Amino acid sequence: MAELKAIIESSASGCGSGSPCIDPAFGPTQASYYWSSSSLAGGPESAWSVAFDVGNANNLIEKIFGYYARAVRSGR
């Protein structure tokens, strides 16, 4: 979750008004919610997410929603 939050850029052009709150160097990103791999204490069906449309972290209860996922580092 920390790595996903670290790429939020609230000063990005258009952040909060239709453009994603992320540095364009990270490539095309939808202004939407993205799942993290961090589960919540509520159980395996619960997870943290980042809302790149407004630039904040959220705790969401159900992993059934059709949100995006993105890699933030290599698997090394």
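This text gives an overview of the structure that appears in the document. From a predicted model like this one, the values you see are computed outputs, not experimental measurements. (Residues numbered from 1 in each chain as written. Predicted model: local features only at pLDDT ≥ 70, side-chain atom pairs only at ≥ 80, totals over all residues. Heavy atoms only, no water.)

1. Section: the state of the cysteines
Next, step 1: If you walk through the whole model with that rule in mind, you get 1 disulfide.
Next, step 2: Between the sulfur of Cys-15 and that of Cys-21 lies a disulfide, 2.0 Å long from S to S. Disulfide Cys-15-Cys-21: torsion about the S-S bond near 95°, hence right-handed. (Disulfide = S-S within 2.5 Å.)

2. Some points on the nonpolar core
Next, step 1: Judged by nonpolar contacts, Leu-4, Ile-7, Ile-8, Ile-22, Tyr-34, Val-50 and Phe-52 together constitute the single largest core of 7 residues.
Next, step 2: Excluding residues that lie within four positions of it along the chain, Ile-22 makes contacts with Ile-7, Glu-9, Ala-12, Thr-29, Phe-52 and Arg-70. (Core = buried A, V, L, I, M, F, W, Y, C linked by side-chain atoms within 4.5 Å. Buried < 20%, exposed > 50% of the residue type's maximum accessible area, 1.4 Å probe, protein only. Contact = heavy atoms within 4.5 Å.)

3. Comments concerning the environment of Ser-49
Next, step 1: On the secondary structure map, Ser-49 appears in strand E2 (residues 43–51).
Next, step 2: Since its relative accessible area comes to 0%, Ser-49 is described here as buried.
Next, step 3: Measuring from C-alpha to C-alpha, the distance between Ser-49 and Tyr-68 comes to 9.5 Å, with 19 residues separating the pair along the chain. (Helix = DSSP H or I, 4+ residues; strand = E, 2+ residues; numbered from the N terminus.)

4. Points about the side chain of Asn-58
Next, step 1: Mapped onto the secondary structure, Asn-58 falls in strand E3 (residues 56–60).
Next, step 2: A polar contact of 3.3 Å, which involves the side chain of Asn-58, links it to the side chain of Asn-56.
Next, step 3: Excluding its chain neighbours within four sequence positions, the residues that come into contact with Asn-58 are Tyr-33, Ala-47, Trp-48, Ser-49 and Ala-51. (Polar contact = N/O pair within 3.5 Å; in protein donor to acceptor, adjacent residues only side chain to side chain.)

5. Section: the side chain of Ser-36
Next, step 1: Residue placement: Ser-36 occurs in strand E1 (residues 33–40).
Next, step 2: Ignoring anything within four residues of it in the chain, the contact list for Ser-36 reads Met-1, Leu-4, Ala-47, Trp-48 and Ser-49.

6. A few points about the environment of Asp-23
Next, step 1: Counting through the fold element by element, Asp-23 comes out in the loop between helix H1 (2–6) and E1.
Next, step 2: Note on Asp-23: relative accessible area 34%, which makes it partly exposed.
Next, step 3: Separated by 10 residues in sequence, Asp-23 and Ser-13 have C-alpha atoms that sit 8.9 Å apart.
Next, step 4: The contact partners of Asp-23, leaving out residues within four places of it in the chain, are Ile-7 and Glu-9.

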